Amino acid sequence: MRAPRFLRVRRPFSRPLVMAVVYANLTTFILSGRYSQLTLGERLDDSIPLLLKLTGVFSCISIVLQAILGLRRLRVLLGVESAQGSIPPEQLGQALREVHRLADFTFVSTLATWLLTPVFVNLGLWVSGASTSLEDALRIGFPGLLFGPLSALLTYCLVTLRARRVVLDMGSLGLTPELAISVAPRRSQIRLRLSLFTAIVVVTPAALIWDVCTVLAERAFDQVLAETSPVRQAALAEVLRSEALWSGGALCVLVFGVALAAAYLGGTLLGRPMRLLGEDAHRIAEGDLSRARIIPAEDEVWAVSGAFTTMRAHLADVLAQLQRAGYRIATTTEEILSTSSRYEAGAAEQASSLDETSATTEELARSARQIAENAGSVAEIAHKTLAAARNGQASAEDFLETMTRMRHDNQAIAAAVARLNKRVQQIGKIVEFINGVADKSDLLALNAELEGTKAGEVGQGFSLVAAEMRRLAENVIESTKEIEGLIEEVQDASGAAVMATEGGVRATETGTTLAQQVSESLRQIVELAGRTSDAVRAISLATQQQQGGTDLLAEAMADILRITQQSHNATKQVISANGDLSTLAKDLRGVVERFQIDPPASGGKV
């Protein structure tokens with residue numbers, strides 16, 4: 001047969017709660033039986049065993065019934081007991097609600113069962129045929145009125161203490177203080193509970209002692225009056241007094257002890273949370289915020305516990321942030337201090353560099369002014385160059401025209417020399433012809449002279465004529481030779497003139513080509529000179545603007561130098577302030593390190 005689910009538990013949470021109900025009811029049941037025996041023994045006589053049996057049976061039934069009803073109200077807790085693995089926070093929260101509600105349920109159910117048990121006992125006596133009067137029936141119900149509140153108070157205290165233990169044990173399953181605070185009820189009933197508990201603890205023992213003393217006194221008085229002998233009355237009175245002392249006194253002491261135990265448990269319910277809160281407050285005052293634990297309580301004390309736990313959590317968060325901020329401030333301050341030192345050195349170097357830069361800028365401004373003046377001179381020279389280039393271009397064009405005319409003239413001279421050479425050649429041919437005629441004339445004259453000589457005196461005149469013709473021929477030959485020499489010289493001169501003319505033509509053509517190239521170059525020079533003049537004017541304007549910008553730059557560099565010097569002085573002040581801040585950060589770090597926020601490595605159970 002498979003065991004019931006409430007017996008198959010892995011975590012014994014519900015068992016201590018149920019056993020607390022059993023222990024409290026059994027204790028008061030035993031005291032109630034003894035009280036019934038003392039107060040009803042003489043009245044019921046033979047029915048007292050049946051009364052005790054019926055009371056025991058109904059008490060056991062009520063205890064079992066309370067246990068079953070209590071387990072039914074702990075369904076979620078039973079599921080948590082038998083759950084495997086991690087448990088959702090929602091389930092833990094529902095289980096915590098059940099645990100908190102169980103104490104009130106057991107108080108009400110215990111009080112109700114103690115008030116109903118006498119009713120069922122009277123019904124049992126009536127069904128069994130035992131004769132009881134109305135006064136006896138009321139007396140049977142009197143133990144329920146006396147022990148019911150005491151039993152309910154004792155049950156409430158035991159269940160509440162066990163419930164607190166269960167809440168602490170649930171912390172190992174993932175029940176956080178935040179979840180416990182958000183789930184547990186916040187009730188303002190501590191005054192009502194204290195008043196009710198005080199009334200039960202005070203009234204129950206007093207009423208019980210008064211009732212026991214009254215019953216035992218009446219019983220002893222009746223027994224003493226029943227005796228007629230004074231000696232036997234005195235002896236019986238002594239016996240009854242001793243019996244009342246040992247029986248009733250012992251019962252009263254036990255009931256009073258149970259009441260004191262209930263009062264002690266009630267005081268523990270209030271004192272233990274306050275003591276734990278005091279310990280936590282003392283630990284927090286010493287700087288230990290590492291252990292966050294649940295301090296279970298009820299009513300206003302639970303509100304104080306929740307507020308204290310929330311305060312500790314918030315304080316731990318604030319101190320953790322403050323601690324991180326302290327470390328960051330210390331680290332950042334050290335970095336700032338180091339950076340400020342480097343920045344101070346850099347600022348000093350920058351100030352020195354800016355001094356040199358300022359001097360260089362002033363020199364640049366002076367140079368810019370000179371450049372602007374030189375640019376104006378260059379612009380004027382470029383303008384003059386442009387005018388000279390234009391004049392040169394006009395001269396080159398005139399030269400080109402002259403060279404063109406010279407080329408035409410040389411070509412005409414070459415043509416005339418060529419014609420002259422042809423005429424000279426023709427003259428040469430004529431001279432050759434005359435020379436040939438002269439040779440023939442000379443030969444004929446020679447022949448005629450020879451013939452005249454042969455003729456004697458008749459031919460002497462002819463010989464003289466022939467001799468004169470011969471001299472004339474010879475003179476002609478000599479003249480023709482001179483003419484030929486002159487012709488040759490003229491031919492040579494005309495050839496040289498032709499060659500010179502051709503060279504002049506070629507030179508004039510080359511000169512014309514060069515003149516064209518010079519004209520083109522001068523045209524390009526004029527164009528480039530125009531561009532140069534425009535560029536020089538732009539450069540002059542830009543240089544003037546640059547001069548103004550350089551002057552502004554010099555003024556700005558002077559301002560930068562002044563600001564840099566101020567920054568250098570401010571850096572020194574920052575370094576001094578960072579030193580103070582570093583000291584404050586160390587002090588803050590020392591203060592924060594007094595608090596321990598992280599849990600200890602051992603992780604012991606609180």
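Check the entry above for the structure.
Residues numbered from 1 in each chain as written. Predicted model: local features only at pLDDT ≥ 70, side-chain atom pairs only at ≥ 80, totals over all residues. Heavy atoms only, no water.

Participant: I tried to follow empty space enclosed by the protein on my own but got confused; where do I start?
Facilitator: One way to see where empty space is left: roll a probe the size of a water molecule over the atoms. Counted under the stated rule, the structure contains six cavities of 30 Å³ or more. In terms of lining, the largest cavity is formed by 13 residues, of which the most central are Arg193, Phe197, Leu269, Leu270 and Asp299. Every element with two or more residues in the lining of the largest cavity is listed here: α5 (134-169), α7 (190-226), α8 (230-285) and α9 (299-455). Sorting elements by how many residues they give to the lining of the largest cavity places α7 first, with four residues. Partitioning the lining of the largest cavity into residue classes produces eight nonpolar, one polar and four charged. A volume near 100 Å³ is recorded for the second largest cavity. In this structure, the second largest cavity is lined by Ser32, Ser36, Leu51, Thr55, Ser59, Trp114, Thr117, Pro118, Val121, Ile140, Pro143 and Gly144. If you list the elements that add at least two residues to the lining of the second largest cavity, you get α1 (14-44), α2 (48-72), α4 (89-128) and α5. Top element by residues in the lining of the second largest cavity is α4. It accounts for four residues. Along the lines of polarity and charge, the residues of the lining of the second largest cavity split into six nonpolar, six polar and no charged. (1 Å grid on protein atoms, 1.4 Å probe; cavity = no way out; pocket = protein on both sides within 12 Å on 5 of 7 lines; lining within 4 Å. Points joined across faces, edges and corners; volume = space filled by probe spheres on them. Helix = DSSP H or I, 4+ residues; strand = E, 2+ residues; numbered from the N terminus. Nonpolar A, V, L, I, M, F, W, Y, C, P; charged D, E, K, R; others polar.)

Participant: Before we go on, may I ask you to explain the packing of aromatic side chains in this structure?
Facilitator: How two aromatic rings sit relative to each other is set out by the distance from centre to centre and by the angle between their planes. Following the criterion strictly, the structure yields five aromatic pairs and no others. Ring centres of Phe107 and Phe197 lie 6.4 Å apart, and the angle between their planes is 55 degrees; on these two criteria the pair is classed as tilted. With Phe107 in helix α4 and Phe197 in helix α7, this residue pair connects regions lying 90 residues apart in the sequence. Neither Phe107 nor Phe197 differs from the other in exposure class; each is buried. Here the aromatic cluster, defined as three or more aromatic residues joined through ring pairs, consists of Phe107, Tyr156 and Phe197. (Phe/Tyr/Trp six-rings, centres within 6.5 Å; stacked < 30°, edge-to-face > 60°. Buried < 20%, exposed > 50% of the residue type's maximum accessible area, 1.4 Å probe, protein only.)

Participant: Explain the packing of α4 against α5 here, please?
Facilitator: Between two packed helices, what matters for the description is the angle formed by their axes and the separation of those axes. Running from amino to carboxyl end, α4 crosses α5 at an angle of 160 degrees, the nearest separation of the two axes being 8 Å. Accordingly, the angle class assigned to the pair α4 and α5 is roughly antiparallel. For the element pair α4 and α5, the recorded crossing hand is right-handed. For the contact of α4 with α5, a count of residues per class yields 24 nonpolar, nine polar and one charged. (Axes fitted to C-alpha atoms, helices over the stretch in contact; angles between N-to-C directions. Parallel < 35°, antiparallel > 145°, perpendicular 65-115°, else oblique. Left-handed = near helix turned anticlockwise from the far one by under 90°.)

Participant: Any chance you could explain the environment of Val167 here in plain terms?
Facilitator: Within the fold, Val167 resides in helix α5. We classify Val167 as buried; its relative accessible area is 3%. Considered as a pair, Val167 and Leu96 are 71 residues apart in the sequence and their alpha carbons are 7.0 Å apart.

Participant: Honestly, helix α3 (residues 75-82) in this entry has me stumped. Any pointers?
Facilitator: It helps to recall that an α-helix has 3.6 residues per turn; residues three or four apart then point in one direction. Counting buried positions over the eight residues of α3 gives six, a clear majority of the element. Among the residues of α3, those classed as buried are Val76, Leu77, Leu78, Gly79, Val80 and Glu81.

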